[in-house]
Amino acid sequence: MKFRTSTRQIDLSQQKPLGEGGAGIVYPLPGKPDLCVKIYRRDTNGDHARDHADKVKAMVARPPDKVMAPDGKTVQMAWPKEVVTDASGTFRGFVMPVIDMKAARAMPRVLNPKLRRQHNIPDSLLFRLTAATNLAILMESLHSVGHNIIDLKPQNILAYLTPKSRTGFLALLDCDGFSIEGAGGKRYPAALATPEFAHPQGLRADGGIDLDWMNAHGREQDLWSLGILIFLFLNEMHPLQGVPEDGFRDFPTELPLLARRYKEVYAYGVKPNPRVRPRANSLHEWFDPRLRNLFDRTFSGDYGALPSAREWSDVLKELMSTKRACRHNRDHWRLGDECGQCALEKRLGPPPSPPPAPAQVAMPVNLPPPPRQPRQPKRQAPPPVGFPGFTGVKPLSLSWAWTLGLFFCALMGVGAGAAIFLLRDGLLAGWTAQPAMITAIILWGLAFLLARVAVRRRARRRGRPLLPANRLWALLTMVAGLALLPVTAIHSHDQFARNFTPSVADTPIPSTKPAAEPRATMAQIRAVQTELSRLQLYTGGADGRVGPKTRDAVASFARGQGIAMPDLQKPDDVDALITRLKRQPTPVPAPLPTTPPPAAAPVEPAPAPAATIGLEAALNRSIGLPMQALAWEQDGHSGFITNLGPITGRDGCYMTELVSGDINRTRIACRSGNGEWRFD
């Protein structure tokens, strides 16, 4: 198969198809991995190439400006770039950009919560809000050159999930099925439409589609389906599906019939519908008033008053502001003054319990009872087996043997713990020097474990109950462990007597070890932690324990003061540190910087609630946001930086916590007169 375009010759004889449909087959373009070729079929259904020739040429001549995303790499529309002909010059297909199918997901999966969990799709409302915004922007781009989509539905849309730089972008498929406006205003109509997303005026009384009306009013058809899809993105339900009241007996159940009576069945407007109430899990109550007004104009207003794609994109872009992030759940997003998802969870309570099992059917009385099964004879225990001279013992069940073993383990642990508690002041070092207790515990544990494994393996291999001899070995192991308890007790008693029992002359035995130095109390450590928290250098709780956070905070304060790191074990050093901390004034937070207004141009996907910026920009922003972690990404590295507060006596210097990968450091950041930052 050899074809040609205006710039190159194409040989597709060795190429495997990327996909195929009813109208044509898509092949990769040799030498161009970012392009592909669609060749139309010639079959019993007609010559599809002849039917699409003029439309495709008009599409190549008048493309919209949003075929590619702002990054220049992401394909947003499978739009024809060049016409493909055969050797005789007859139209056969077109060249179009390749959509990265590995990074994109079908929109029906994005809109279904269960499918999102199955296919690892983020359950973020911000992601769906970004997709809705970009869909409105793509429709605005098409309408600006006179083209209409007509058959807009989730099955013809892909959503990009990876990489992060293009998450939220969309790709429109089957663009050669759009309604295209050619030169001189000539219209090349669309041939397909879906009843569930059709405008009420384009539906017949029987629920069929009036394609002539849709092609003549393509803009209204697109705006109607756009309103349905945006409602699906944000509320995860169709806007015409509500709960009818008891008096509404002729409530239709099919979507095309609901659309013909949309003014009667729309239940999510600002003004309540007396005949249909909204579903219990709807978020429309917490939508921004401007957003609710757009939905009301679409589904309860008069024909011709549909909001334009520009109006939708302007409102949705304002709702994407990072100030609307939910503080309680990163997957939630405030589409109004309050987080509707959090409010809905409080209203509905915990998820409902699973449905009860179906009731059993009672047996008819006239049926005879089932025959009784004959009793199985009891299985006789095998004769005792053992070494010579062993006459057998009463069978010991494995569960009882395991219970005894756990009891002995617990008893030995209590004895060892009591010995450590009684001897901790003078004989903690003696514990390690005298290995009798440790050796006893280790041998006991190993013996019991080996006996347990041997008994189980022997029983499993033979497929028989445990033999009395094997049970005996388990019992002997427990007895051996029990015999080790006196060893522990005697050892503990001897150590206790040598160190705590007075002599006959009532004089204490002198200790061979030097007296322990006094240590700082928990009250002193709590005082240090409280003062560090006041200076915004410590974020943990005042628990009186010296942990990594406490040491890092003290080290940061010492570096800022130009003093040596104090020893937190010595009471005198801790008292001096408390005195120095109390002399420091409480830092005053800097005023918050003003936020620039959102840009009016088509936006790229909104960042997560914590925006990713450069390290220097994150430092500048952290001055007005103390104790708040800000994400940064620079030169292939990324992490978080937190402003812990200004350093007294050093103008322009702040104590910061820098996190990158597994590295967590506390650094002093100083800003010079020209605005550059440096770390000390």
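Look up: the structure comes first, before these words.
Residues numbered from 1 in each chain as written. Predicted model: local features only at pLDDT ≥ 70, side-chain atom pairs only at ≥ 80, totals over all residues. Heavy atoms only, no water.

Colleague: Please clarify how the overall build of the protein should be interpreted in this entry.
Modeller: Counting secondary structure elements, the protein contains 19 helices and 21 strands. The buried share of the protein, reckoned over its 680 residues, is 42%. For the protein, the exposed area adds up to about 39000 Å²; of that, 56% sits on carbon and sulfur atoms. (Helix = DSSP H or I, 4+ residues; strand = E, 2+ residues; numbered from the N terminus. Buried < 20%, exposed > 50% of the residue type's maximum accessible area, 1.4 Å probe, protein only. Areas by Shrake-Rupley, 256 points an atom, 1.4 Å probe, with all protein chains shown as cover.)

Colleague: Would you mind going over the environment of Asn664 with me for this structure?
Modeller: Examined against the element boundaries, Asn664 turns out to sit in strand S20 (residues 663-671). Since its relative accessible area comes to 47%, Asn664 is described here as partly exposed. Not counting chain neighbours up to four residues away, the residues in contact with Asn664 comprise Glu657, Leu658 and Val659. (Contact = heavy atoms within 4.5 Å.)

Colleague: Got a minute to help me understand the sheet that holds strand S12 (residues 170-172) in this structure?
Modeller: Sheet strands line up and pair through hydrogen bonds in the backbone, either parallel or antiparallel. Taken in spatial order, the 3 strands of this open sheet run S10-S11-S12, and their pairing is antiparallel. Since the sheet does not close on itself, it has two edges, and those belong to strand S10 (104-106) and S12, each with one partner. Averaged over neighbouring strand pairs, the angle between their axes works out to 30° when direction is ignored. With 3 bridges connecting them, strand S11 (residues 157-160) and S12 associate as antiparallel partners. Pairing of Leu158 across the sheet is with Ala171, part of S12. In the packing of helix H4 (residues 125-144) onto the sheet, the strands contacted are S11 and S12, and the crossing angle to S12 comes to about 40°. (Pairing = 2+ DSSP bridges. Axes fitted to C-alpha atoms, helices over the stretch in contact; angles between N-to-C directions.)

Colleague: Even after reading the chapter, I still don't get the state of the cysteines, so can you show me in this structure?
Modeller: Chemically, a disulfide is nothing more than a covalent bond linking the sulfur atoms of two cysteines. The full count for this structure, using the stated rule, is 1 disulfide. Between the sulfur of Cys653 and that of Cys670 lies a disulfide, 2.1 Å long from S to S. Looking down the S-S bond of the Cys653 and Cys670 bridge, the torsion is 110°, so its handedness is right-handed. A residue pair is termed long-range when its members are at least 10 positions apart, and Cys653 in strand S19 (residues 653-660) and Cys670 in strand S20 qualify at 17 residues. (Disulfide = S-S within 2.5 Å.)

Colleague: I tried to follow the packing of aromatic side chains on my own but got confused; where do I start?
Modeller: In this description, an aromatic ring pair is defined by two values, namely the gap between the centres and the angle between the planes. On inspection of all chains with the given rule, the structure shows 11 aromatic pairs. Where Phe287 meets Phe295, the ring centres are 6.1 Å apart and the plane angle is 35°; that geometry is what we call tilted. Across the pair, exposure class does not vary: Phe287 and Phe295 are buried alike. Joined through ring pairs, the aromatic side chains of Trp224, Phe231, Tyr266, Tyr268, Phe287, Phe295, Phe299 and Trp312 make up one cluster. (Phe/Tyr/Trp six-rings, centres within 6.5 Å; stacked < 30°, edge-to-face > 60°.)

Colleague: Please clarify how helix H6 (residues 218-235) should be interpreted in this entry.
Modeller: Helical geometry: 3.6 residues make up each α-helical turn, so side chains three or four residues apart lie on a common side. In a regular helix each residue adds 1.5 Å, so 18 residues correspond to 26 Å; H6 covers 26 Å between its end C-alpha atoms and thus fits that length. Counting buried positions along H6 gives 16 out of 18 residues, so the element sits mostly inside the fold. (Expected span 1.5 Å × (residues − 1).)

Colleague: Would you mind showing me how to read the nonpolar core here?
Modeller: It is characteristic of soluble globular proteins that their nonpolar side chains tend to be buried jointly. Ranked by size, the top nonpolar core spans 102 residues in total, and within it Leu172 and Leu234 carry the most contacts. By residue number, the principal contributor to this core is H4, which donates 11 residues. Counting residues in each nonpolar core, the second largest holds 21 residues, with Leu532, Tyr538, Leu581 and Cys653 among its members. (Core = buried A, V, L, I, M, F, W, Y, C linked by side-chain atoms within 4.5 Å.)

Colleague: Before we go on, may I ask you to explain the packing of helix H17 (residues 548-561) against helix H18 (residues 571-583) in this structure?
Modeller: Relative orientation and spacing of two packed helices are given, respectively, by the angle between their axes and the distance between those axes. In the contact formed by H17 and H18, the axes pass within 12 Å of each other and the chain directions differ by 65°. What the angle tells us is that H17 and H18 run roughly perpendicular. As for how H17 packs across H18, the hand of that crossing is left-handed. For the pair H17 and H18, contact is made by Val554, Phe557 and Gln561 and by Leu577, Arg580 and Leu581, respectively. For the contact of H17 with H18, the per-class residue count stands at 4 nonpolar, 1 polar and 1 charged. (Parallel < 35°, antiparallel > 145°, perpendicular 65-115°, else oblique. Left-handed = near helix turned anticlockwise from the far one by under 90°. Nonpolar A, V, L, I, M, F, W, Y, C, P; charged D, E, K, R; others polar.)

Colleague: Could you clarify how one ought to interpret the pairing of S19 in this entry?
Modeller: The two faces of the sheet receive side chains in turn, since in a regular strand these alternate between them. Relative to S19, strand S18 (residues 637-646) runs antiparallel, the two sharing 6 bridges. Looking at the pairing, Asn643 lines up with Thr656 of S19. Connecting the antiparallel pair S18 and S19 is a turn made up of 6 residues, with Gly649 showing a positive phi of about 85°. Where S19 lies against S20, 8 bridges are found, and the strand directions are antiparallel. Bridge assignment links Val659 to a residue of S20, and that residue is Asn664.

Colleague: Explain the environment of Leu192 to me, please; I cannot follow it from the model alone.
Modeller: Relative to the elements of secondary structure, Leu192 occurs in the loop between strand S14 (187-188) and helix H5 (211-216). Its relative accessible area of 61% is what places Leu192 among the exposed residues. Counting along the chain gives 42 residues from Leu192 to Ile150, while the straight-line C-alpha distance between them is 7.8 Å. Leaving out residues up to four positions away in the same chain, Leu192 has contacts with Ile150, Asp151 and Leu211.

Colleague: I'm lost on the pairing of strand S9 (residues 91-97) in this one. Help?
Modeller: Of all 7 residues in S9, 7 are buried, a share of seventy percent or more. Sheet topology note: the strand S8 (residues 82-85)/S9 ladder contains 4 bridges and is antiparallel. Residue pairing across strands places Val83 opposite Phe94, the latter belonging to S9. As consecutive antiparallel partners, S8 and S9 are separated by 5 residues, and within that stretch Gly89 has a phi angle of approximately 90°, a positive value.

Colleague: It is not clear to me how the pattern of salt bridges should be interpreted in this structure. Could you clarify?
Modeller: Proximity of charged atoms lets side chains of opposite charge pair with each other. For the structure on display, the rule yields 19 salt bridges. Notably, a salt bridge pairs Arg187 with Glu181, separated by 3.3 Å at the nearest N-O pair. Residue Arg187 is classed as partly exposed on the basis of its relative accessible area, which comes to 29%. A salt bridge links Glu285 to Arg347; the nearest nitrogen and oxygen atoms lie 3.0 Å apart. Residue Glu285 is located in the loop between strand S16 (276-277) and helix H9 (289-299), and its partner Arg347 is located in helix H11 (residues 340-348); the two are separated by 62 residues in the primary sequence. In this structure Glu285 comes out as partly exposed when scored by relative accessible area, which is 41%. (Salt bridge = Lys/Arg side-chain N within 4 Å of Asp/Glu carboxyl O.)

Colleague: What exactly am I supposed to notice about the environment of Ile39 here?
Modeller: Note on placement: Ile39 falls in strand S5 (residues 32-40). Relative accessible area serves as the criterion here: at 6%, Ile39 is assigned to the buried category. Along the primary structure Ile39 and Val84 are separated by 45 residues, whereas in three dimensions their C-alpha atoms are 8.0 Å apart. Those residues in contact with Ile39 that sit more than four places away from it in its chain are Phe3, Leu12, Gly24, Ile25, Tyr27, Val84, Arg92 and Gly93.

Colleague: Got a minute to help me understand the packing of helix H16 (residues 522-534) against H18 in this structure?
Modeller: One way to put it is that H16 packs onto H18 with a least axis distance of 10 Å and a crossing angle of 25°. The angle between H16 and H18 places the two elements in the roughly parallel class. The two elements H16 and H18 meet at a crossing, and its hand is left-handed. Contact with H16, carried on its side by Gln524, Ala527, Val528, Glu531, Leu532 and Arg534, involves Pro571, Val574, Asp575, Leu577, Ile578, Leu581 and Lys582 of H18 and no other residues of that element. Grouping the constituent residues of the contact of H16 with H18 by class yields 8 nonpolar, 1 polar and 4 charged.

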